[in-house]
Amino acid sequence: MASILLKTALLFYAVSSICYTCWLLHASEKSENIARRTLVMGLTIHIISLLHRYIEHGYLQINNIHDILSILSMMIVGTYCAVDKRYKVTFLGLVIAPLSFVVLLGSSAAITLLRDYDPRLHNVWIYLHTALAFAGYALFTISAGASGIYLFLTHKLKKKRPSSIFQKLPSLEKLDSIVFLCITIGFPMLTVALVAGSFVAIGQWKDFWNLDIKQIWSVVIWLIYACILYGRHIFGWRGRRTALLSLAGIALIAIGSVCVNVWFPGFHSFGR
């Protein structure tokens, strides 16, 4: 049942991606409304599939690539929908809907890599660590989406190649504000997630630091976003520099969420 629900959510994300593209090309209000509604419908079905999986097993499965990617995709869509409702950032759907589709597609492809339940993962610190980390990652994803659009616009403006598409995209100032806002909210979440992860490490290894590759990777990611905030407040960094660092951060998150967890042994490893 959960598999069917997941495939249905995948279909809605695909339709939403197409509708967001139609909105960009034709400025159709109908396409915009359908894009939003199908994305919300896909999110709803996606959440139901995760709840069904939780009820079926009695715990959250966070020790395999299938569930990690599924939860991450859900968090990205859910965070975007919340931001869109508050700030009306339809243009970000051009990035978020296709990205969520790709992440969930990867989750579906990895369903054969499921692992047995690890009882060490069934505690409140693990859940807090995972929930806050994913919430932070989702906000950083939105920040990266806005950063990508920012760099695209600045490139086109420098080349002096105006297009009717520009009329549907926000100003560079608004994009920069979205990048900074998402990082400002996401950074404390990632910080608390790392602290919660330290309590997990103490419980498992009797030490908060065990030179686990994912621990080191997470600290590097934390330092990048700390650098963005520090540079913004102290040196007034804006625009291109912040956008590039934001993209670097999300690239490290993507590599850490998949490659590091799969290929490197350790407590965070999904195995192969």
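Located above this text is the structure these notes cover.
Predicted model only: the values in this text are computed from it and were never measured.

Novice: How should a nonpolar patch on the surface be read in this particular structure?
Specialist: Taken together, the side chains of Val124, Trp125, Leu128, Val192, Val195, Phe199 and Ile202 present a nonpolar region at the surface, about 600 Å² in accessible area. Looking at the nonpolar patch, the elements that each hand over two or more residues are helix H5 (124–159) and helix H6 (172–205). With respect to the element layout, Val195 can be found in helix H6. By relative accessible area, which is 42% here, Val195 ends up partly exposed.

Novice: What is the right way to read the side chain of Arg36 from this model?
Specialist: Its location among the elements puts Arg36 in helix H2 (residues 29–57). Within the structure, Arg36 has its side chain in polar contact with the side chain of Glu32 (distance 2.7 Å). With residues near it in sequence (within four places) discarded, Arg36 still touches Tyr20, Asp84, Lys88 and Thr90.

Novice: I'm lost on the packing of helix H1 (residues 2–26) against helix H4 (residues 93–109) in this one. Help?
Specialist: The geometry of a pair of packed helices is captured by two quantities: the angle between their axes and the separation between those axes. Interaxial distance between H1 and H4 falls to 8 Å at its minimum, and their mutual angle equals 155°. Here H1 lies roughly antiparallel to H4, going by the angle between them. Once H1 is placed against H4, the crossing between them reads as left-handed. Of H4, the residues touching H1 (which contributes Leu6, Ala9, Leu10, Tyr13, Ala14, Ser16, Ser17, Tyr20, Thr21, Trp23 and Leu24) are Gly93, Leu94, Ala97, Pro98, Ser100, Phe101, Leu104, Leu105, Ser107 and Ser108. Class assignment of the residues belonging to the contact of H1 with H4 gives a composition of 14 nonpolar, 7 polar and no charged.

Novice: Hey, could you run me through the packing of H2 against helix H3 (residues 65–87) in this one?
Specialist: At a closest axis distance of 10 Å, the pairing of H2 and H3 adopts a crossing angle of 140°. When the axes of H2 and H3 are compared, the pair comes out oblique. Both H2 and H3 take part in a crossing whose hand is left-handed. Packed against H2, whose contacting residues are Arg36, Leu39, Val40, Leu43, His46, Ile47, Leu50 and Arg53, the element H3 presents His66, Asp67, Ser70, Ile71, Ser73, Met74, Val77, Gly78, Tyr80, Cys81 and Asp84 at the interface. For the contact of H2 with H3, a count of residues per class yields 10 nonpolar, 5 polar and 4 charged.

Novice: Could you clarify how one ought to interpret H3 in this entry?
Specialist: Along an α-helix, residues three or four positions apart point the same way, because every turn accommodates 3.6 residues. End to end, H3 covers 32 Å across 23 residues, agreeing with the expected 33 Å (1.5 Å per residue, within 8%). Lys88 sits one or two residues past H3 and shows a positive phi near 55°.

Novice: How should the pattern of salt bridges be read in this particular structure?
Specialist: Enumeration according to the criterion identifies 5 salt bridges in this entry. As a salt-bridge pair, Glu32 and Arg36 come within 2.7 Å of each other at their nearest N and O atoms. Here Arg36 and Glu32 lie together in helix H2, a separation of 4 residues that amounts to about one turn. Residue Asp67 is joined to Arg53 by a salt bridge in which the shortest nitrogen-to-oxygen separation is 2.6 Å. Pair noted here: Asp67 is in helix H3 and Arg53 is in helix H2, with a separation of 14 residues, a long-range link. Note on Asp67: relative accessible area 3%, which makes it buried. By relative accessible area, Arg53 is classed as buried at 14%.

Criteria and thresholds
Residues numbered from 1 in each chain as written. Predicted model: local features only at pLDDT ≥ 70, side-chain atom pairs only at ≥ 80, totals over all residues. Heavy atoms only, no water. Patch = residues over 30% accessible without salt bridge, like charges linked within 9 Å, V, L, I, M, F, W, Y side chains within 5 Å. Areas by Shrake-Rupley, 256 points an atom, 1.4 Å probe, with all protein chains shown as cover. Salt bridge = Lys/Arg side-chain N within 4 Å of Asp/Glu carboxyl O. Helix = DSSP H or I, 4+ residues; strand = E, 2+ residues; numbered from the N terminus. Buried < 20%, exposed > 50% of the residue type's maximum accessible area, 1.4 Å probe, protein only. Polar contact = N/O pair within 3.5 Å; in protein donor to acceptor, adjacent residues only side chain to side chain. Contact = heavy atoms within 4.5 Å. Axes fitted to C-alpha atoms, helices over the stretch in contact; angles between N-to-C directions. Parallel < 35°, antiparallel > 145°, perpendicular 65-115°, else oblique. Left-handed = near helix turned anticlockwise from the far one by under 90°. Nonpolar A, V, L, I, M, F, W, Y, C, P; charged D, E, K, R; others polar. Expected span 1.5 Å × (residues − 1).

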